[in-house]
Amino acid sequence: MLPVIIVVSSLTVLAPDELFKTLRVIQDLNISNPAQATRAYEAVLPKLPVQPSKGLYELHRAGLEASIKSNNVPRITEIVELFSESADWLTYLQSEKGLIANNLAIYYRRINQPALAQINYECALRYSTHEQRPRIVNNLAVLYRTMGQLKEAINILTPTLSDVKDEQLEAALNNNLANVYFDMSKYQHAARLYRQAFLYHQKTGQAYEASYTGLNLLNVYLLANQWKNYRRYRNTVKAQLSAAEDKELSIVFTWQEIIFQKSRNGIQPKADQVEFLISTLPILLQSDYGSNMEKYVYTLQLPKLIASYNTLLSEQQKVVASVSTNTSLPEVALSWCEH
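Residues numbered from 1 in each chain as written. Predicted model: local features only at pLDDT ≥ 70, side-chain atom pairs only at ≥ 80, totals over all residues. Heavy atoms only, no water.

Draft legend 1. Structural context of the packing of helix H9 (residues 150-163) against helix H10 (residues 167-183). Packing of H9 against H10 leaves a shortest axis separation of 10 Å and a crossing angle of 155 degrees. Between H9 and H10, the angle falls in the class roughly antiparallel. Note on packing geometry: the crossing formed by H9 with H10 is left-handed. For the pair H9 and H10, contact is made by Leu 150, Ala 153, Ile 154, Leu 157, Thr 158, Thr 160 and Leu 161 and by Glu 170, Leu 173, Asn 174, Asn 176, Leu 177, Val 180, Tyr 181 and Asp 183, respectively. In terms of residue class, the contact of H9 with H10 is made up of nine nonpolar, four polar and two charged. (Axes fitted to C-alpha atoms, helices over the stretch in contact; angles between N-to-C directions. Helix = DSSP H or I, 4+ residues; strand = E, 2+ residues; numbered from the N terminus. Parallel < 35°, antiparallel > 145°, perpendicular 65-115°, else oblique. Left-handed = near helix turned anticlockwise from the far one by under 90°. Contact = heavy atoms within 4.5 Å. Nonpolar A, V, L, I, M, F, W, Y, C, P; charged D, E, K, R; others polar.)

Draft legend 2. Representation of the state of the cysteines in the model. Applying the stated criterion across every chain, the model contains one disulfide. There is a disulfide in this structure between Cys 123 and Cys 337, and the S-S distance comes to 2.0 Å. One quick way to see it: the torsion about the S-S bond of Cys 123 and Cys 337 is about -75 degrees, and its sign makes the bridge left-handed. Note that Cys 123 is positioned in helix H7 (residues 114-127) and Cys 337 in the segment after helix H17 (303-324), a separation of 214 residues in sequence. (Disulfide = S-S within 2.5 Å.)

Draft legend 3. Structural context of the nonpolar core. By size, the foremost hydrophobic cluster in this structure holds 103 residues, and its most contacted members are Trp 255 and Trp 336. Of the residues forming this core, the biggest block, nine residues, is contributed by helix H12 (residues 207-223). Discounting chain neighbours no more than four positions away, the residues touching Trp 336 are Phe 83, Ser 84, Leu 90, Leu 93, Lys 97, Ile 100, Ala 101, Cys 123, Arg 126 and Tyr 127. (Core = buried A, V, L, I, M, F, W, Y, C linked by side-chain atoms within 4.5 Å. Buried < 20%, exposed > 50% of the residue type's maximum accessible area, 1.4 Å probe, protein only.)

Draft legend 4. Region of interest: helix H16 (residues 293-300). For H16, the full list of buried residues reads Met 293, Tyr 296, Val 297 and Leu 300. The arc that holds the buried residues of H16, viewed along the axis, is 95 degrees, so those residues lie on one side. Backbone geometry just downstream of H16 places Gln 301 in the positive-phi region, at approximately 55 degrees. (Arc of directions from axis to C-beta.)

Draft legend 5. Local environment of the environment of Glu 338. When you line up the elements, Glu 338 lands in the segment after H17. For Glu 338, a relative accessible area of 53% translates into the label exposed. Between the alpha carbons of Glu 338 and Asp 17 there is a distance of 36 Å; along the sequence they are 321 residues apart.

Draft legend 6. Molecular detail of the pattern of salt bridges. Following the criterion strictly, the structure yields eight salt bridges and no others. Glu 42 is paired through a salt bridge with Arg 75; the nearest N and O atoms lie 3.2 Å apart. Within this pair, whereas Glu 42 is found in helix H2 (residues 34-44), its partner Arg 75 is found in helix H4 (residues 73-85), the two being separated by 33 residues in sequence. Look at Glu 42 and you get partly exposed, because its relative accessible area is 28%. You can call Arg 75 buried: its relative accessible area is 16%. Three or more residues are tied together by salt bridges with common partners; here these are Glu 42, Arg 75 and Glu 78. (Salt bridge = Lys/Arg side-chain N within 4 Å of Asp/Glu carboxyl O.)

Draft legend 7. The arrangement of a positive patch on the surface in detail. Taken together, the side chains of Lys 228, Arg 231, Arg 232 and Arg 264 present a region of like positive charge at the surface. With three residues, helix H13 (residues 227-244) is the largest single contributor of residues to the positive patch. With respect to the element layout, Arg 231 can be found in helix H13. (Patch = residues over 30% accessible without salt bridge, like charges linked within 9 Å, V, L, I, M, F, W, Y side chains within 5 Å. Areas by Shrake-Rupley, 256 points an atom, 1.4 Å probe, with all protein chains shown as cover. Lys, Arg positive; Asp, Glu negative; His and termini not counted. Charge placed at Lys NZ, Arg CZ, Asp CG, Glu CD.)

Draft legend 8. Structural context of the side chain of Thr 160. One can find Thr 160 in helix H9. Relative accessible area serves as the criterion here: at 13%, Thr 160 is assigned to the buried category. A polar contact of 2.6 Å, which involves the side chain of Thr 160, links it to the backbone oxygen of Ile 156. Here Thr 160 is in contact with Pro 134, Val 137 and Leu 173, once residues within four sequence places are set aside. (Polar contact = N/O pair within 3.5 Å; in protein donor to acceptor, adjacent residues only side chain to side chain.)

What follows is the structure in structure tokens.
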């Protein structure tokens, strides 16, 4: 875990080199610990220069990404207002507008506001450069998937994949298209794309991304009862998880292992394993793996786990309903994305 950078108190305003050091810390923390990334961003706010620059823009956008991931609504609002209302920033921002709108769309998708998410994705595409467009399309496809619009997701991902030249972006697109095929129970197509993404991240030493896509690959084999393939990739994915040192991903792997042992070998979970499943269920329901939890829970057929799942699901739905009726949310808007 990277430590949060401590700025020398004698500095009134961050020097350029200190600004970029801070930016790198926040970007790294955004992968492993968004809440800590947000705290790092907040810690340097009093010492940031006012005049727009490339480095300052990147730092504020990294802060926006961290705030979105950690659901820090006041901070999201402040950064959006800075980019949307400041005359200096409106003059400075040109090709960056698409990426900012894309970030805000991700926020609305995460809080279950699909209509507002789609408005911002459409705005992002209007302002996107040729290089930015595939990333925005990739995120829009995630929204289509969450809305159950699987054909629409395929229709925008497939042509984008055929045009993209960047291997890392291709891996991300492959993972998202595989997610769609997984939802359609087209497990063979999904596994092929997950494998491509996993092998790319493994080859390039991207342990977190390799762990994430590797778990998706294991998930296909697990739920399709393809035990030979599950065993083939299990240790390789486990090695990536060890390198990534991410708690949430490690929890997912433990769930998969317990399900494998029961489904393939008929081994019932022990009492401490059942307790682990129940205690970690809230974490996974709030994660990107939330959509898998119903299959996981009912595959295990443990009465206590099913009861906990149903209780948590009911509570989650109440929270979503409460957020959906919060009339202040539409105020978090970009001036160039308004009607």
